[in-house]
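Tertiary structure, described
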Amino acid sequence: MSAATTRSRTPRTPDRLCVEAVELARAAAEDAAFPGVVGEHVSAVAEGDRVVTHYFEAKEPGYRGWRWAVTVTRASRAKNVTLDETVLLPGSDALLAPEWVPWSERLRPGDMGPGDLLPTDAEDLRLEPGWSGEDAPPPNSVVSAEMAELVEAEYVDVTDVTEPAVTPVVPARGSIASVAEELGMRRARVLSRYGLHTAADRWDESFGAKTPMAQAAPASCVSCGFLVAIGGSLGQAFGVCANEFGPADGRLVSLSYGCGGHSEAAVMPAPMRPAPPVLDSMASDEFSLRPTPPADLTPSDLGHS
């Protein structure tokens with residue numbers, strides 16, 4: 001082991017003059033803090049050659065376990081001790097604030113209220129481009145060949161191939177039974193017109209255009225990328241919200257409903273609102289009943305004697 005390594009591991013001996021400068025350090029701490037919040041002197045620790053840090057108790061409310069640290073030093077062969085820095089540092093049992101978490105990770109479903117806007121990232125994995133004019137769907141589309149192969153491979157991994165497969169009875173394509181099954185008509189009874197209207201009124205009351213959330217929204221659900229379209233006659237007025245941070249996630253919402261989690265809320269400008277009119281009813285305006293004559297006219301010109 002070298003001599004330099006031995007010296008570095010040997011505890012430093014605090015400089016005597018720096019250690020004795022307790023009052024100088026206390027005055028510096030009291031100058032940086034509020035009056036009466038600097039407590040007793042705790043310790044003095046050598047930070048280097050002729051560099052000592054004095055620790056004082058901190059009595060500020062909310063700073064339990066913190067300490068005022070005042071570092072003093074002096075030059076070589078000098079007898080005057082000078083101030084280096086004053087900081088408030090946490091101790092071993094100090095009360096610390098929790099680690100900062102970005103808002104995108106703190107947000108939880110149900111946190112959004114009326115008037116709140118939730119911007120979406122341009123690369124949000126929950127959204128994909130709409131119709132682009134091409135015949136082939138995008139690679140990440142649920143109907144693309146790549147996604148179909150991936151889903152099939154995952155299905156094989158979770159399916160027990162040792163069990164005999166049960167072949168479902170599928171109606172022949174093009175038959176009346178297949179068409180009825182596709183339209184959802186292979187049931188004993190379906191909703192009547194009255195049932196559809198009452199359901200629509202009930203859903204519109206909870207997630208419709210007249211709710212406070214929709215009134216404060218930047219746009220309606222009909223233009224939102226998180227809206228999942230539904231079939232049937234109800235699909236002309238309702239859809240399913242698929243925004244996990246929205247207040248209606250997984251709910252049937254009216255197309256005229258809206259919230260701050262609109263997929264285009266980050267790029268959609270706020271609607272212009274006219275300024276309220278200003279009426280001054282405390283002052284009076286003077287209106288002349290007769291026009292003011294020019295200054296160069298005389299009373300005779302006006303017909304007065």
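The following paragraphs examine the structure supplied in this document.

About the cut-offs
Residues numbered from 1 in each chain as written. Predicted model: local features only at pLDDT ≥ 70, side-chain atom pairs only at ≥ 80, totals over all residues. Heavy atoms only, no water. Phe/Tyr/Trp six-rings, centres within 6.5 Å; stacked < 30°, edge-to-face > 60°. Buried < 20%, exposed > 50% of the residue type's maximum accessible area, 1.4 Å probe, protein only. Helix = DSSP H or I, 4+ residues; strand = E, 2+ residues; numbered from the N terminus. Lys NZ or Arg CZ within 6 Å of the ring centre and 35° of its normal. Pairing = 2+ DSSP bridges. Axes fitted to C-alpha atoms, helices over the stretch in contact; angles between N-to-C directions. 1 Å grid on protein atoms, 1.4 Å probe; cavity = no way out; pocket = protein on both sides within 12 Å on 5 of 7 lines; lining within 4 Å. Points joined across faces, edges and corners; volume = space filled by probe spheres on them. Nonpolar A, V, L, I, M, F, W, Y, C, P; charged D, E, K, R; others polar. Core = buried A, V, L, I, M, F, W, Y, C linked by side-chain atoms within 4.5 Å. Arc of directions from axis to C-beta. Contact = heavy atoms within 4.5 Å.

1. Considerations on the packing of aromatic side chains
On inspection of all chains with the given rule, the structure shows three aromatic pairs. Ring geometry for tyrosine 63 versus tryptophan 66: centroids 5.3 Å apart, planes at 80°, classification edge-to-face. The exposure class of tryptophan 66 is buried, given its relative accessible area of 17%. On the numbers, 5.8 Å between centres and 85° between planes, the contact of tryptophan 203 with phenylalanine 238 is edge-to-face. Note that tryptophan 203 is positioned in helix α7 (residues 193-206) and phenylalanine 238 in strand β6 (residues 238-241), a separation of 35 residues in sequence. Judged by relative accessible area, tryptophan 203 falls into the partly exposed class, the value being 25%. For phenylalanine 238, a relative accessible area of 5% gives the class buried. The ring of tyrosine 55 carries the charged tip of arginine 67 above its face, separated from the ring centre by 4.2 Å.

2. Notes on the sheet that holds strand β7 (residues 252-254)
The three strands lie next to each other as β5-β6-β7, forming an open sheet whose pairing is antiparallel. Strands with a single pairing partner mark the edges of an open sheet, and in this sheet they are β5 (227-229) and β7. Mean inter-strand twist for the sheet, computed between neighbouring axes without regard to direction, equals 50°. As paired elements, β5 and β6 share three bridges and run antiparallel to each other.

3. Structural notes on empty space enclosed by the protein
Summed over the entire model, instances satisfying the criterion amount to one cavity of 30 Å³ or more. For the largest cavity, the calculated volume is near 100 Å³. Lining the largest cavity are 14 residues; nearest its centre among them are Cys221, Cys224, Phe226, Cys241 and Cys259. For the lining of the largest cavity, the per-class residue count stands at nine nonpolar, five polar and no charged.

4. Examining the sheet that holds strand β4 (residues 82-90)
Across the sheet, which stays open at both edges, the four strands sit in the order β1-β2-β3-β4 with antiparallel pairing between neighbours. Across the chains shown, the open sheet's two edge strands, defined by having one partner strand only, are β1 (38-48) and β4. Along the sheet, successive strands turn relative to each other by an average axial angle of 20°, direction set aside. One ladder, built from eight bridges, connects strand β3 (residues 66-73) with β4; its direction is antiparallel.

5. Concerning the nonpolar core
Among the nonpolar cores identified, the biggest contains 17 residues, and Val38, Phe56, Trp68, Val70 and Val72 are the most heavily contacted of them. Of all the elements in the fold, those that place two or more residues in this core are α3 (22-32), β2 (51-58) and β3. Examining the composition of this core, we find that four residues originate from one element, β3, more than from any other. Counting residues in hydrophobic clusters, the runner-up holds 13 residues, among them Met112, Phe207, Met213 and Phe245.

6. Quick look at the pairing of β6
Bridge count between β6 and β7: three bridges; the pairing is antiparallel. Directly across from phenylalanine 238, in β7, lies its bridge partner serine 254.

7. Details of α3
Those residues of α3 that sit buried are Ala25, Arg26, Ala28 and Ala29. Down the axis of α3, the smallest arc covering the buried residues is 160°, so these residues share one side. In α3, those exposed residues whose orientation departs by more than 90 degrees from the buried face are Glu23 and Asp31. Along its buried surface, α3 packs onto β1, β2, β3 and β4.

8. Side note on the pairing of β2
Buried residues dominate β2, accounting for six of its eight residues. Of the pairings in the sheet, the one linking β1 to β2 comprises seven bridges and is antiparallel in character. Note on β2: the bridge partner recorded for alanine 44 is histidine 54. From the end of β1 to the start of β2, which pair antiparallel, there are two residues, and arginine 50 there has a positive phi angle of about 60°. Relative to β3, β2 is paired through seven bridges, and the arrangement is antiparallel. The residue bridging phenylalanine 56 from the neighbouring strand is tryptophan 68, located in β3.

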